[in-house]
Amino acid sequence: MQTYRDNAGRTWTGAIDVAAIKRVRALSGYDLLSMLNGNGSQRLITDPVLLVDVLYALCRPAAARLSVTDEAFGRSMAGDAIEHATQALLEELVSFCPNPRDRKNLRRAVSAMWTTMEKARDVMESRIESDLESEMNRRLAALGGSSGSSPGSSASIPTG
């Protein structure tokens, strides 16, 4: 079973079984099985509110024992906690898959998704860095400054 920690320091286990899938459907309206056929992962991965609702539904029995409401759970989920919870959820879903060949293929799909997301982040970082550098050079040029980083040669500096 995969676990993750929220920002309040609590450890959660979001085990996926038939009862958990039914609970998620009833509480969040989301069908975890849609991810097995490739129809629901994009929505879940890109909507952190839906994701946290699904996570809470999965963890609801434990949350009830700890008197953690859905609102308190939601307040404790941000940043890295969401990233780690997403990874745990996807790994649990792969483990739930009944057929070994389907599990293998789903594991490959999840791995490819993470790889693609990392590549997209790399592209975005490069684009932001390039755009920032271009914008700074444009502003320097508008101020009459040089866009180069080295000072003029000493031959161009008057000596007297």
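Reference entry: report on the structure contained in this document. It should be emphasised that the depicted structure is a prediction, and the values quoted were computed from it without experimental measurement.

1. What about the overall build of the protein?
Looking only at helices and strands, one finds 6 helices and 2 strands in the protein. Seen in sequence order, the protein has helices and strands lined up from the N terminus as β-β-α-α-α-α-α-α. Out of the 160 residues belonging to the protein, those deemed buried represent 28%. Pairs at least 24 apart in sequence give 60% of the contacts found in the protein among residues at least 6 apart. Of the roughly 10,500 Å² of accessible surface on the protein, 52% is carried by carbon and sulfur atoms.

2. Regarding the packing of aromatic side chains
Enumeration according to the criterion identifies 2 aromatic pairs in this entry. Ring centres of Trp12 and Phe73 lie 5.3 Å apart, and the angle between their planes is 80 degrees; on these two criteria the pair is classed as edge-to-face. Here Phe73 lies in helix H4 (residues 70–75) and Trp12 lies in strand E2 (residues 11–13), a separation of 61 residues in the sequence. For Trp12, a relative accessible area of 1% gives the class buried. When the ring of Tyr56 is compared with that of Phe73, the centres are 5.5 Å apart and the planes differ by 55 degrees; the resulting orientation is tilted. One end of the pair, Tyr56, is in helix H3 (residues 48–65); the other, Phe73, is in helix H4, and 17 residues separate them in sequence. Residue Tyr56 is classed as buried on the basis of its relative accessible area, which comes to 13%. Since its relative accessible area comes to 0%, Phe73 is described here as buried. Through a chain of ring-to-ring contacts, the aromatic side chains of Trp12, Tyr56 and Phe73 assemble into a single cluster.

3. Observations regarding the packing of helix H1 (residues 18–28) against H3
Relative to each other, H1 and H3 sit at 125 degrees, their axes nearing to 9 Å. Between H1 and H3, the angle is such that the two are oblique. As H1 packs across H3, the resulting crossing turns out to be right-handed. Across the interface between the two elements, Ala20, Arg23, Val24, Leu27 and Ser28 of H1 pack against Asp53, Val54, Ala57, Leu58, Arg60 and Pro61 of H3. By residue class, the composition of the contact of H1 with H3 is 7 nonpolar, 1 polar and 3 charged.

Rules of the game
- Residue numbers restart at each chain and count upward from 1, following the sequence in its written direction.
- In keeping with the model being predicted, local features are shown solely for residues with a pLDDT of at least 70 and side-chain atom pairs are shown and tallied solely at 80 or more, while totals for entire chains, interfaces and linings include all residues.
- Note: side-chain values were computed over all heavy atoms of the structure, leaving out hydrogens and water.
- By definition, any uninterrupted DSSP run of H or I lasting at least four residues is a helix, any uninterrupted run of E lasting at least two residues is a strand, and each is numbered from the N terminus.
- Each residue is assigned to one of three classes by its accessible area relative to the maximum for its type, calculated with a 1.4 Å probe on protein chains only: buried under 20%, partly exposed between the two thresholds, exposed over 50%.
- Contact criterion: two residues are considered in contact whenever any of their non-hydrogen atoms come within 4.5 Å of each other.
- Where accessible areas are quoted, they stem from the Shrake-Rupley method and a 1.4 Å probe; at the residue level, only the protein chains shown are allowed to cover.
- Two rings belonging to Phe, Tyr or Trp (six-membered ring only in the last case) form a pair when the distance between their centres is within 6.5 Å. Interplanar angles under 30 degrees mark stacking, angles over 60 mark edge-to-face geometry, and anything in between is tilted.
- Helix axes are fitted only over the stretch in contact, all axes being lines through C-alpha atoms; the angle between N-to-C directions runs from 0 to 180 degrees.
- Should an angle lie under 35 degrees it is considered roughly parallel, over 145 roughly antiparallel, and from 65 to 115 roughly perpendicular; all remaining angles are considered oblique.
- Rotating anticlockwise by less than a right angle from the far helix to the near helix defines a left-handed crossing, while the corresponding clockwise rotation defines a right-handed one.
- The residue classification treats Ala, Val, Leu, Ile, Met, Phe, Trp, Tyr, Cys and Pro as nonpolar and Asp, Glu, Lys and Arg as charged. All others, Gly included, are polar.

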